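Overview (structure and organization)
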Amino acid sequence: MAAPFLKWAGGKAKLAPLIVARAPQDFRSYHEPFLGAGAVFFALCHSGRIGESSLADANGALIECFEAVRDDIEPLIAALERLEATYLALSPADRRAFYYEQRACVPASPISRAARLIFLNKTCYNGLYRVNGSGLFNVPHGRYANPRIVDPARLREASTCLASASLAAIDFAAACDRAQPGDFVYLDPPYQPLSATSSFTGYTREHFGPADQARLRDTFDALTRRGVAAMLSNSDHPAIRELYEGRGYRLECVAMSRAINSVGSRRTPIPELLISNW
């Protein structure tokens, strides 16, 4: 079964079955402008619902990694197996040092950069992807006794799903411009924070704020006017309801547990909105 090969804060592995069940029965092309780990894409691929697909994200390193999985899967697996063998053979202190060496380096080839991103994702603290204001990955080392850095079967399944997908590191509005009547677009932006301390929008150096949420609503409206089926997920926040209520859209509240909190006991379900235009 195809599934995400990356851990991702805000990933939709648990929400994906609901989205697949609510997706249009028939659509021509699938578009996902906030790709992340691609849980919804892989779930739709597994269900046999996808033909053509156009996947995008503002995070260029993430898109490059997906391209490596799509185009160079065997060299990528080999690079990951070397990293895994080296890392697991080290003492805890040496693992930590090796992690920070990898975090600080910039490999020359796309395959090596993709392998580095997956390695860091599997060995960093809480599986979090975060960059600083300079666009540099800055998550500290995790504390895993025996992390699985490479999963060849999952990576090959992902490569098969991605074989006919187009990938682009572009803004969500530009990605939505590609959608035509009869297509289906799923939008998973960085969520509106439910509290002052719950904000996490550090996937790219340009954080996603209220002006971006309003611009996303305008993009959603434009898709609707063009006859493109669109669904969007976000936190059930008054500011988000204000953007979308009264415009003829369906708003459905669902409870989903989140795994980003560092304290397991605090990973309680939170309300999320699914907004659709059909």
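In this report, we go over the structure that sits alongside the text. (Residues numbered from 1 in each chain as written. Predicted model: local features only at pLDDT ≥ 70, side-chain atom pairs only at ≥ 80, totals over all residues. Heavy atoms only, no water.)

Tallying secondary structure elements over the protein gives ten helices and seven strands in all. For 278 residues, the compact-globule estimate of 2.2 N^0.38 gives 19 Å, and the C-alpha radius of gyration of the protein, at 19 Å, lies within 12% of that figure. Of all intrachain contacts in the protein linking residues separated by at least 6 positions in sequence, the fraction that spans at least 24 positions is 73%. Element-wise, carbon and sulfur atoms account for 52% of the exposed surface of the protein, whose accessible area totals about 12600 Å². Looking at the protein, you have 31 positive and 28 negative side-chain charges, and the mean spots of the two groups are 6 Å apart. (Helix = DSSP H or I, 4+ residues; strand = E, 2+ residues; numbered from the N terminus. Rg over C-alpha atoms; globule rule 2.2 N^0.38 Å. Contact = heavy atoms within 4.5 Å. Areas by Shrake-Rupley, 256 points an atom, 1.4 Å probe, with all protein chains shown as cover. Lys, Arg positive; Asp, Glu negative; His and termini not counted. Charge placed at Lys NZ, Arg CZ, Asp CG, Glu CD.)

Per the stated rule, a full pass over the model turns up one disulfide. At a sulfur-sulfur separation of 2.3 Å, the disulfide partner of C45 is C161. Measuring the twist about the S-S bond at about -100°, one finds the C45-C161 disulfide to be left-handed. Here the residue C45 occupies a position in helix 2 (residues 39-47), and C161 occupies one in helix 7 (residues 152-162), the gap between them amounting to 116 residues. For C124, which is in no disulfide, the shortest distance to another cysteine sulfur is to C65 and amounts to 13 Å. By relative accessible area, C124 is classed as buried at 0%. (Disulfide = S-S within 2.5 Å. Buried < 20%, exposed > 50% of the residue type's maximum accessible area, 1.4 Å probe, protein only.)

Turning to the packing of aromatic side chains, a few remarks are in order. For the structure shown, the criterion picks out 20 aromatic pairs. Ring geometry for F220 versus Y244: centroids 5.7 Å apart, planes at 90°, classification edge-to-face. Of this pair, F220 sits in helix 9 (residues 210-225) while Y244 sits in helix 10 (residues 238-244); the two residues are 24 residues apart in sequence, bridging distant segments of the chain. In this structure, F220 and Y244 share a single accessibility class: buried. Put simply, the rings of F5, F41, F42 and F66 touch in pairs and so form one group of aromatic residues. (Phe/Tyr/Trp six-rings, centres within 6.5 Å; stacked < 30°, edge-to-face > 60°.)

Here the structure, examined in full by the defined rule, presents 15 salt bridges. Across the pair D151 and R148 runs a salt bridge, and its minimum N-O distance is 3.6 Å. You can call R148 exposed: its relative accessible area is 56%. Here R241 ties to E245 by a salt bridge, and the two come within 3.1 Å at their closest N and O atoms. Assessed through its relative accessible area of 43%, E245 is described here as partly exposed. In this structure, a network of salt bridges that share partners links the residues R217, D218, D221 and R247. (Salt bridge = Lys/Arg side-chain N within 4 Å of Asp/Glu carboxyl O.)

All right, on to the nonpolar core then. Judged by nonpolar contacts, the single largest core of 64 residues is most densely connected at F5 and Y30. Per-element accounting of this core gives the leading share, seven residues, to helix 4 (residues 73-88). (Core = buried A, V, L, I, M, F, W, Y, C linked by side-chain atoms within 4.5 Å.)

Turning our attention to helix 9. The terminal C-alpha atoms of helix 9 lie 23 Å apart, and with 16 residues this matches the ideal 22 Å at 1.5 Å per residue to within 8%. D212, Q213, L216, R217, T219, F220, D221 and L223 are the residues of helix 9 that are buried. Taken together, the buried residues of helix 9 touch helix 8 (172-176), strand 4 (184-187), strand 5 (229-235), helix 10 and strand 7 (269-276). In the segment just after helix 9, G227 is the residue with positive phi, at about 80°. (Expected span 1.5 Å × (residues − 1).)

The next point concerns the side chain of K122. Mapped onto the elements of the fold, K122 is located in helix 6 (residues 110-123). A polar side-chain atom of K122 sits 3.0 Å from the main-chain carbonyl oxygen of F5. The contacts of K122, once residues within four sequence positions are left out, are F5, L6, K7, Y144, P147, R148 and I149. (Polar contact = N/O pair within 3.5 Å; in protein donor to acceptor, adjacent residues only side chain to side chain.)

Notably, N126 is not glycine yet its phi reads approximately 65°, a positive angle. Position of N126 relative to the elements: it lies in the loop between helix 6 and helix 7.

With 14 residues, helix 6 ought to run about 20 Å at 1.5 Å a step, and its terminal C-alpha atoms sit 20 Å apart, in line with that. Taken across its 14 residues, helix 6 has ten buried, putting it largely inside the fold. Residues of helix 6 that are buried: A114, A115, R116, L117, I118, F119, L120, N121, K122 and T123. Looking at the buried residues of helix 6, the elements they touch are helix 3 (60-71), helix 4, helix 5 (92-104) and helix 7.

So, about the environment of I149. Among the structural elements, I149 can be located in the loop between helix 6 and helix 7. The exposure class of I149 is buried, given its relative accessible area of 1%. Considered as a pair, I149 and P92 are 57 residues apart in the sequence and their alpha carbons are 16 Å apart. Among residues more than four places away in sequence, those in contact with I149 are L80, E84, Y87, I118, F119, K122 and T123.

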